[in-house]
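One-letter residues, chain by chain:
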Amino acid sequence: MSNESRQDLLRFPSTRIVDVAKALSGDVRVRILEALGEKPMSISQLAEALGVAQPTISINVQILENVDLVSSALGANREKICTATCRSIQLDLPVKLGEGLHRTEELHMPIGMFSHCSVQPTCGIVTKECVHVGSVDDPRSFYMPERFEASLLWFSGAGYVEYYFANPMPPGVTIDELGFSAELCAEASSFQMDWPSDISLYINDRLIGTYTSPGDLGDRKGKLTPDKWRSGTEYGELTEWRVTGEGSRVNGAASSPTTIDALGLQYNKPIRVRLEVREDAVNRRGLNLFGSDFGDHRQDLVLSFIRYAE
């Protein structure tokens, strides 16, 4: 985009106010926009002009690109050329409750930040450096403060880990759908590909659905699992539960009659999310739970709050 073709005015709806404000809140990002005010520049040119390292410039350019304030293209020498997309912006302020919120709000929870648990050996917690928290097969490890650094945790047989999530929605705003996703699998000694385990999700003590993991997965290296990890389990399956006004689903299949209204969500009360292998489960073979530095998916636990378009 040439300097002549950039827009005089770029208008943002109320749902993007927070994102745009965050993008403009960094001094380096404002300086990047200043530098691009007269002409497009490459990443290396921006780094030289601002006296900032190229990796820092790249990260901050990406943030500006995410809110459409900067566009980029590859130049003749395959270097990224950056251009400011507009000369000024207009933000539409919200005029009614909830209008400034995204249609989907997400909360990310590290797997070690559980509030309650019930586990039995085999069990354990490791960090992304593959350092064990406490001792392997000692349930006391699950009560140590270092558990907050967990990148993988596991227990065999029946048990659970429960997390408390805040409700980010202000009072009076309706949540139409609640989603929860996690990477997980069963737990066996070392690993067993054919080792099914029935893993149930409860929200505010209401059953959302049960996912049957096919086994403790270790037949290949996890895409994110550190090379020095040599203990069998390598990856899980990204599993998603959804609760709507019609009922609940696991990976798209109907799983329980629990509706969003049945959860009794309140803005000033935490949302209790429990992953459990029940004592009466047909396949009672434990759980491995993966954080963002282990397994195949770079995410921790994600709770999504979804509002349908009005």
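See above for the structure.
In this text, all values refer to a predicted model and were calculated from it rather than measured experimentally.

> Help me understand the pattern of salt bridges in this model?
If you walk through the whole model with that rule in mind, you get 13 salt bridges. As a salt-bridge pair, lysine 80 and glutamate 65 come within 3.0 Å of each other at their nearest N and O atoms. Of this pair, lysine 80 sits in strand β4 (residues 80-84) while glutamate 65 sits in helix α4 (residues 54-66), and the two are 15 residues apart along the sequence. By relative accessible area, which is 26% here, lysine 80 ends up partly exposed.

> Could you clarify how one ought to interpret the sheet that holds strand β7 (residues 116-118) in this entry?
The strands that make up a sheet pair up through hydrogen bonds in the backbone, lying either parallel or antiparallel. Across the sheet, five strands lie side by side as β7-β10-β17-β12-β13; this open sheet has antiparallel pairing. Of all the strands in the sheet, just β7 and β13 (206-213) have a single pairing partner and so form its edges. Taken over all neighbouring pairs, the strand axes of this sheet differ in orientation by 15 degrees on average, direction set aside. In the sheet, strand β10 (residues 159-165) pairs with strand β17 (residues 271-277) via seven bridges, with the strands oriented antiparallel. Each bridged residue has a counterpart across the sheet, and for glutamate 162 the counterpart in β17 is arginine 274.

> Explanation requested: the sheet that holds β4 in the structure shown.
Strand order in this open sheet of three strands is β2-β4-β3, and the pairing throughout is antiparallel. Strands with a single pairing partner mark the edges of an open sheet, and in this sheet they are β2 (41-42) and β3 (70-74). Here β2 runs beside β4; their pairing, made up of two bridges, is antiparallel. Its bridge partner lying in β4, methionine 41 is registered against cysteine 82.

> Please clarify how unusual backbone geometry should be interpreted in this entry.
Glycine aside, residues mostly have negative phi, and peptide bonds are mostly found in the trans state. In the segment running from proline 121 into threonine 122, the intervening peptide bond is cis, with an omega of 0 degrees. Of note in this structure, serine 190 is not a glycine but carries a positive phi near 60 degrees. With respect to the element layout, serine 190 can be found in the loop between β11 (177-185) and β12 (197-203). Judged by its relative accessible area of 44%, serine 190 is partly exposed.

> Would you take a moment to explain the nonpolar core for this structure?
Nonpolar side chains tend to gather and get buried jointly when the protein is soluble and globular. Ranked by size, the top nonpolar core spans 41 residues in total, and within it Tyr163, Phe180, Leu275 and Leu289 carry the most contacts. The next biggest cluster of nonpolar side chains, apart from the first, holds 21 residues, and it includes Phe12, Leu46, Leu50 and Val61.

> I would appreciate a short explanation of the pairing of β11 in the present structure.
Residues in a regular strand project their side chains so that they alternate between the two faces of the sheet. The element β11 is largely enclosed, with a buried count of nine among its nine residues. Of the two faces of β11, both are covered, the one formed by Glu177, Gly179, Ser181, Glu183 and Cys185 as well as the one formed by Leu178, Phe180, Ala182 and Leu184. Looking at chain direction, β11 and strand β19 (residues 301-306) are connected through five bridges and run antiparallel. Bridge pairing in β19 links leucine 178 to phenylalanine 305. Here β11 pairs with strand β14 (residues 237-243) via seven bridges, running antiparallel.

Each value, and the rule that gives it
- Residues numbered from 1 in each chain as written.
- Predicted model: local features only at pLDDT ≥ 70, side-chain atom pairs only at ≥ 80, totals over all residues.
- Heavy atoms only, no water.
- Salt bridge = Lys/Arg side-chain N within 4 Å of Asp/Glu carboxyl O.
- Helix = DSSP H or I, 4+ residues; strand = E, 2+ residues; numbered from the N terminus.
- Buried < 20%, exposed > 50% of the residue type's maximum accessible area, 1.4 Å probe, protein only.
- Pairing = 2+ DSSP bridges.
- Axes fitted to C-alpha atoms, helices over the stretch in contact; angles between N-to-C directions.
- Core = buried A, V, L, I, M, F, W, Y, C linked by side-chain atoms within 4.5 Å.

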